[in-house]
Protein chains: 4
Amino acid sequence: MTRPPSTRRAGPAKRATASAGPRAVRGTPEETRARLVAAAGAAFEHDGYFGTDTNRIAKAAGYAPGTFYKHFADKAEIFVAVYEAWIAREWDGVAAIVADARTPTEKAARIADAVLEHHRAWPGLRASLRALVATEPAIRRAHRASRRIQMARMAELGLDDVGKNAILLLTVERIADAIADGELRELGMGDDEARGRLVAVIEDRLRGR
Amino acid sequence: MTRPPSTRRAGPAKRATASAGPRAVRGTPEETRARLVAAAGAAFEHDGYFGTDTNRIAKAAGYAPGTFYKHFADKAEIFVAVYEAWIAREWDGVAAIVADARTPTEKAARIADAVLEHHRAWPGLRASLRALVATEPAIRRAHRASRRIQMARMAELGLDDVGKNAILLLTVERIADAIADGELRELGMGDDEARGRLVAVIEDRLRGR
Amino acid sequence: MTRPPSTRRAGPAKRATASAGPRAVRGTPEETRARLVAAAGAAFEHDGYFGTDTNRIAKAAGYAPGTFYKHFADKAEIFVAVYEAWIAREWDGVAAIVADARTPTEKAARIADAVLEHHRAWPGLRASLRALVATEPAIRRAHRASRRIQMARMAELGLDDVGKNAILLLTVERIADAIADGELRELGMGDDEARGRLVAVIEDRLRGR
Amino acid sequence: MTRPPSTRRAGPAKRATASAGPRAVRGTPEETRARLVAAAGAAFEHDGYFGTDTNRIAKAAGYAPGTFYKHFADKAEIFVAVYEAWIAREWDGVAAIVADARTPTEKAARIADAVLEHHRAWPGLRASLRALVATEPAIRRAHRASRRIQMARMAELGLDDVGKNAILLLTVERIADAIADGELRELGMGDDEARGRLVAVIEDRLRGR
DNA sequence: GATGAATGAGACTTCATTCAT
DNA sequence: GATGAATGAAGTCTCATTCAT
């Protein structure tokens, strides 16, 4: 999943070919699924979970409405897929940085930047996530499972105080969201200062604090 | 606005109860409005913004659907009213504690408990808020305005580093949400420890750090 | 419920007024409900339960799609209402004849004609009924309840052998359906002969056989 | 076509089992066709004509969706094939009994039992049939043709009063359906008594009455 | 002969909103 | 001020059918 396209949502288009339109065999189910997940990510980001619909997602991915339901049982299921892809990408980035960077200072700075970029690209997705976790049981379950994976990832990176890890996870997430949302800027804190605080929080933890 | 029922929704919202709402009163416009706001708060909390509808809110408040639109221009407007009432109550509580308590330590502990209780009572409302801020321009604007009021309230309480205030605001909010959601408990941190960390964050700030 | 109009189903019509169309307040909920039941009866008769849809029923009754769902929870519920109205009318007719006619011979003849007319007017409704009873639990339940009412009605009319009553019920129903369907005519039996046999079955029972 | 599973559907059809059907065979067209008819029979019985779909039928038979349409023009056509196989099996059984049994009494008893067993095994199929005959012209035509064959079969068995034959046909069918459905049991008539009446009707006819 | 990904019209249902009373 | 029947656009999901391989 890459950054969402900046295109604005188009209105409902006219019916294209009346019937027996050109049938475009697109390839493997995996490719189709991936295209749908990408389109859904962009749509959720842009318009929110309740601001798009599955027909629009399918069309954006280049498919007819019915195709969506060959790959996902319902709208919630594709949201989970989008979220899981998003999280996996974030942590793959973090793991690569940890493996590559030398000092805790360098690690913290690069992790902060990577996380920040990732959140900045998907603020709407994250906002939808919180509302859905509160409301949709299936998404709540998937989110909890994802949390456990994240905690395990932290342990793999050598951080072993579960309580501190949990606080770090939530704090980093919330600060990154706030910066991405522009909340801090509107409150009078410059992006540089905000980033500095984020780095400090991470570095503290990497140094065992 | 009082606390919502503690039942948590377990699936798609059930059809509302068939019988009419509590009473068919004719009071002042202010009373009607207040009843609608209270009913909306409970509904948003229970089912989420997109999980209720204005007819249900009106009926729960004891009114007919049309009455809703005599008092609010649309669904977003009543959400803003609910949110503003919620925030005002929280800060009235904080201000009362600050006026009443003696030491920073006592203030921090009592503020943390008050905030925690307030968040614990309304987790669904808060989740809806974030999604709506990302998606609905009217609600986003109202939220920003509310933030400015909160920053002013902090200044009134004698806290004058805007950057630190902003971080405190977001951190307290996020930790309180996480405890209220049970996120920390599921990650292995007991409620007591979580509360301790929340108190510490507040006390630090009250001591100028 | 009277006989269905013989008009043939119209194709989907163009959207009429774009928005803010003329709002036609039609009267009491009971009237609306009755209009919907009448339209549904005609539609089920014409096109079968699976051959119509709730939007078409609403439009045929002079309402918008949403109005349907203010009066019936779903399509099955209105089918039950249609069926119950149908049965009630049939038995009201039978009861009136029993009260009015003198001899078993006269009763039998007039009952047979009334039943025949009622079945002839609604063959499609009856065919849908059997399929739905096999498949839709809600409709099955309603049908069983209706059967019990019919058996009670027979007892009220002074027929007290439950086994014979049950056989009579099913036999009359089946022969009436067959005549109405034209099954017998296609098999070489004239309508007069078929009616004669039906009368005989009823008269036998009225004479205690 | 063998007997369907005795499980009765309790609600809206569940999504089919995810795994593919029994095997991916390549046999003669006749074998493929026969497998499709068998799977369709079971599906129609279980879920009703409108409660299954052709993809599910194909998969249950071990084939891909497209294969279905190599063997049947549409869904109605396979229903006709299922029905014709069902009827043929019933009458083959009856003919064998007539050839084998000695007295009218024995014939009647054995025919009743065979018919009863056949109806008891396929109540859902029969219910769908009636609805489709009322609604789908192609199925109506096929049903009428089948009736003529049945009348001819009766003549072959030596019964020559067309009117009486027609009545017998419908009566036996209806009583057998009612016993199979459990309608009579719910109306207070035991299965033994019901069967007795069925035997009597047949025996009467065999004795020329 | 078989595949199976894809189609797309359309059914069922919801809900924010209106307006005549 | 309140009512509440009615609206109608729109969203979720289904399924008979096709066709390129």
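Heads up: these notes are all about the structure in this document. Everything numeric in this text was worked out from a predicted model, so none of it was measured.

With respect to the nonpolar core
- Within the largest apolar cluster, 120 residues are counted, with the highest numbers of intra-cluster contacts made by A:Phe44, A:Ile78, B:Phe44, B:Ile78 and B:Phe79.
- Of all hydrophobic cores here, the second largest spans 118 residues; its members include C:Leu169, C:Ile202, D:Ala43 and D:Tyr63.

Some words on the pattern of salt bridges
Residue and element names in this part refer to chain A.
- Counted according to the given criterion, the structure contains 58 salt bridges over all chains.
- One salt bridge connects Asp92 with Arg153, and the closest N-O pair in it is separated by 3.0 Å. Of the two residues, Asp92 sits in helix α4 (residues 75-100) while Arg153 sits in helix α7 (residues 137-156), which places them 61 residues apart along the sequence.
- The partner of Arg126 in a salt bridge is Asp177, and the shortest N-O contact between them spans 2.6 Å.

Thoughts on the environment of D:Asp160
All names here are of chain D.
- Secondary-structure assignment places Asp160 in the loop between α7 (137-156) and α8 (162-181).
- Look at Asp160 and you get exposed, because its relative accessible area is 69%.
- A sequence separation of 117 residues divides Asp160 from Ala43, and the C-alpha atoms of the two residues are 37 Å apart.
- With residues up to four places along the chain from it excluded, the contact list for Asp160 reads Asn165 and Arg205.

Section: the packing of helix α1 (residues 29-47) of chain C against helix α4 (residues 75-100) of chain C
All names here are of chain C.
- In the contact formed by α1 and α4, the axes pass within 9 Å of each other and the chain directions differ by 90°. Taken as axis vectors, α1 and α4 run roughly perpendicular relative to one another. Counted together, Arg33, Leu36, Val37, Ala40, Gly41 and Phe44 of α1 and Lys75, Ile78, Phe79, Ala81 and Val82 of α4 form the full contact between these two elements.
- Here the residues of the contact of α1 with α4 are counted per class, giving 8 nonpolar, 1 polar and 2 charged.

Things to note about the relation of the copies chain A and chain B
- Mapping chain A onto chain B is achieved by rotating through 180° and translating by 0.1 Å along the same axis, at an RMSD of 0.1 Å. What the superposition gives is, in effect, a two-fold axis relating one chain to the other. By C-alpha distance to the rotation axis, the residue of chain A lying nearest is A:Ala131, at 3.0 Å.
- An overlap of 92% is found between the interface residues of chain A and their copies at the interface of chain B, pointing to a shared contact surface.

Overview of the packing of aromatic side chains
- Following the criterion strictly, the structure yields 26 aromatic pairs over all chains and no others.
- Ring centres of C:Phe50 and D:Phe50 lie 4.4 Å apart, and the angle between their planes is 25°; this geometry places the pair in the stacked category. Highlighted residues: C:Phe50 in the loop between α1 and α2 (54-61) and D:Phe50 in the loop between α1 (29-47) and α2 (54-61), drawn from two different chains.
- Look at D:Phe50 and you get partly exposed, because its relative accessible area is 38%.
- Each ring, one from C:Phe68 and one from C:Tyr69, has its centre 4.8 Å from the other, and the planes form 65°; the classification is edge-to-face.
- A relative accessible area of 0% places C:Phe68 in the buried class.
- Stacked on the ring of A:Tyr49, the Lys or Arg A:Lys75 has its end atom at 4.5 Å from the ring centre.

Criteria and cut-off values
- Residues numbered from 1 in each chain as written.
- Chains lettered and ligands numbered in written order.
- Predicted model: local features only at pLDDT ≥ 70, side-chain atom pairs only at ≥ 80, totals over all residues.
- Heavy atoms only, no water.
- Core = buried A, V, L, I, M, F, W, Y, C linked by side-chain atoms within 4.5 Å.
- Buried < 20%, exposed > 50% of the residue type's maximum accessible area, 1.4 Å probe, protein only.
- Salt bridge = Lys/Arg side-chain N within 4 Å of Asp/Glu carboxyl O.
- Helix = DSSP H or I, 4+ residues; strand = E, 2+ residues; numbered from the N terminus.
- Contact = heavy atoms within 4.5 Å.
- Axes fitted to C-alpha atoms, helices over the stretch in contact; angles between N-to-C directions.
- Parallel < 35°, antiparallel > 145°, perpendicular 65-115°, else oblique.
- Nonpolar A, V, L, I, M, F, W, Y, C, P; charged D, E, K, R; others polar.
- Least-squares fit on C-alpha atoms with pLDDT ≥ 70 in both.
- Phe/Tyr/Trp six-rings, centres within 6.5 Å; stacked < 30°, edge-to-face > 60°.
- Lys NZ or Arg CZ within 6 Å of the ring centre and 35° of its normal.

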